[in-house]
Amino acid sequence: MANGTLLWYNAPAKAWTQALPIGNGTLGAMIYGTVDKEVLALNHDELWTGKPKNTIKEGAPEAFKKAQKLALDGKLHEAQEEIETNFQSTWSQAYMPLGNLEIEFGKCTRAKDYKRALNLENAISTVSYTKSGIKHEREYFASYPSKVICAKYTFSDKISFSFGLVSKLKSNSFVDGNMIILDGECHGENNVGGESSNKYYYDESEMRGIRFRSAVKIITDGTTKAVENRLSVTDATYAVFFFTTETSFNGFDKHPYLEGKEYIKPCMDRINAVNDYDAEKKTHIADYKELYDRVTLDLGDGKDDVPTNKRLVHFKRDKSDMSLITLVYNYGRYLAISCSREGSQASTLQGIWNDRLTPPWHSNYTVNINTEMNYWPVLMCRMPEVNLPLIEMVKELSISGEKAAMGQYGAKGWTSHHNVDIWRLATPVAGNACWAFWHGSSGWLCEHLFDHYEYTNDVDYLRNTAYPVMKKAAEFYLDIMTEYEEKFSAFNTLLGAYIFVFICAYFGYCTF
């Protein structure tokens, strides 16, 4: 194994933030590696609160003009109050946790020779230890080709355990043969009430949110038995788990309940199609390495034989651990591949991983820098395919952003502000205008569109995808710019001017 390619620990995770992530762009899991009760915290990138809705603030163009005049007259506090009261709209929707796959082994003697690891060369996570004289080995990966999460447990002697699916979302689970199925639904509106709030679930069809089905299947030499909504397994020397999920999300402009896509049959078809763990593993590794192996970095040797958490502590006082830097670089590439693949949603604030009903900043797309940061390494690491979900998001945002430009500003073109969600929110959210009233994101996102062309030299993409979106973004900035004493007004900000000039500079290369 090359230097800087393995994260490993000699103890289980005690918190979600210590667990190891796997993902295939759409499905994600955080693996705790606990001994008595293993937990896989699960996610699907289409599980969000809400539905399409009009977020345009009534009377916003008039409020904008009034605030603009106040700002030009030097009354900045009054301008800010006008924007916060009469211009800004509503909070974004939130990215939801799917639930947990919990596998219980029961209390026992202390585990020996414990190791929990994530191999960045093949995107496989492992756990191994010995307890009560029995060797336990676990292996996990998330397959992009098959759209499933796979796990294999092997034991040196027969053991017994049970497992089940649980969710914080409104849901119910049941056993069907060698499978456990979980049916659930997201809140019809952002659950700002807190982790335990149910007040945003509705009976009215037009108010309901995204629905989903999850299924986990076990293949084992042990004996399985349904116990309520769980499966118990006895006398097993191995167990293979396959997990998948499908949702009713049918696009950013389609109601997920009234216009939702079929999700139950695709989920069951997919789970029934996977049976051969070794074949799935081989296909997964080949798919992952086709992206990961395109670049390599070697900064020298380091303390690869030391657990990763201890290496981080040591590095504060000793910077000679060069392969730790390599590890961080490779981990970044791994995370990008794991949470952004062609056909998936773009990477959120937390990638594809979230365990809370009220996640920090709604685990949305904060496009005043965070989303852009997620994608900075992608093209320079020769992974343009990983950039495609971001491009698709910007294309969709340019559609909702046209409504925002006209409805909020009375302007042509398209715009977006600092928060975006799966419904492609483009209006400014509620809150302090210092950060919520910021229409620079549409221009910044256009930089990523043009970067994609510069790295791929795909003229058809530039002509048909990037250029039309960039042109409309520039039209918005042109329409709202205001001259004041031969300078751009403070209200429109130097940043807005910079983005406008930046886009126009790009147009110098384009002669369509």
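Further up the page is the structure itself.
Residues numbered from 1 in each chain as written. Predicted model: local features only at pLDDT ≥ 70, side-chain atom pairs only at ≥ 80, totals over all residues. Heavy atoms only, no water.

Q: Help me understand the overall build of the protein in this model?
A: Check the secondary structure of the protein and you find 12 helices and 18 strands. Computed over C-alpha atoms, the radius of gyration of the protein comes to 25 Å, within 12% of the 24 Å expected from 2.2 N^0.38 for 512 residues, which places it in the range of a compact globule. Along the first, second and third principal axes, the C-alpha set of the protein runs to 80 × 60 × 45 Å. Every one of the 512 residues in the protein was classed for burial, and the buried ones make up 56%. Once local pairs closer than 6 in sequence are excluded, the contacts in the protein between residues at least 24 apart make up 69%. (Helix = DSSP H or I, 4+ residues; strand = E, 2+ residues; numbered from the N terminus. Rg over C-alpha atoms; globule rule 2.2 N^0.38 Å. Buried < 20%, exposed > 50% of the residue type's maximum accessible area, 1.4 Å probe, protein only. Contact = heavy atoms within 4.5 Å.)

Q: So what exactly am I meant to see when it comes to unusual backbone geometry here?
A: Most peptide bonds adopt trans geometry, and most residues besides glycine take a negative phi value. One non-glycine residue, Asp113, lies in positive phi territory at about 55 degrees. Structurally, the position occupied by Asp113 is in strand S6 (residues 112–119). A residue is classified by how much of its surface remains accessible, and Asp113, at 63% relative accessible area, is exposed. Even without glycine at this site, Ser132 takes up a positive phi of about 55 degrees. Structurally, Ser132 is set in the loop between strand S7 (124–131) and strand S8 (134–143). Looking at Ser132, the relative accessible area reads 51%, which means it is exposed.

Q: Teacher, can you tell me more about helix H8 (residues 384–409) here?
A: In an α-helix there are 3.6 residues to a turn, and that puts residues three or four apart on one side. Along its length, H8 shows its largest kink, about 30 degrees, at Ser400. Remark: Gly410 follows H8 within two positions and exhibits a positive phi of approximately 65 degrees. (Bend = angle between axes of the 7 residues up to and from the residue.)

Q: Where do I start with the side chain of Glu280 in this structure?
A: For Glu280, the location among the structural elements is in helix H4 (residues 277–292). It is Lys217 that comes nearest to the buried, bridge-free Glu280 among opposite-charge side chains, at 8.9 Å. In contact with Glu280, not counting residues within four places along its chain, are Phe141, Ser143, Ser146, Cys150, Phe242 and Val274. (Lys, Arg positive; Asp, Glu negative; His and termini not counted. Salt bridge = Lys/Arg side-chain N within 4 Å of Asp/Glu carboxyl O.)

Q: Explain the packing of helix H1 (residues 60–72) against helix H2 (residues 76–86) here, please?
A: Each pair of packed helices can be summarised by the angle the axes make with each other and by the distance between the axes. Running from N to C, H1 and H2 point in directions that differ by 170 degrees, and their axes come no closer than 8 Å. Judged on the interaxial angle alone, H2 and H1 are roughly antiparallel. Along its contact with H1, which presents Ala60, Ala63, Lys66, Ala67, Leu70 and Ala71, the element H2 presents Leu76, Glu78, Ala79, Glu82, Ile83 and Asn86. For the contact of H1 with H2, the per-class residue count stands at 8 nonpolar, 1 polar and 3 charged. (Axes fitted to C-alpha atoms, helices over the stretch in contact; angles between N-to-C directions. Parallel < 35°, antiparallel > 145°, perpendicular 65-115°, else oblique. Nonpolar A, V, L, I, M, F, W, Y, C, P; charged D, E, K, R; others polar.)

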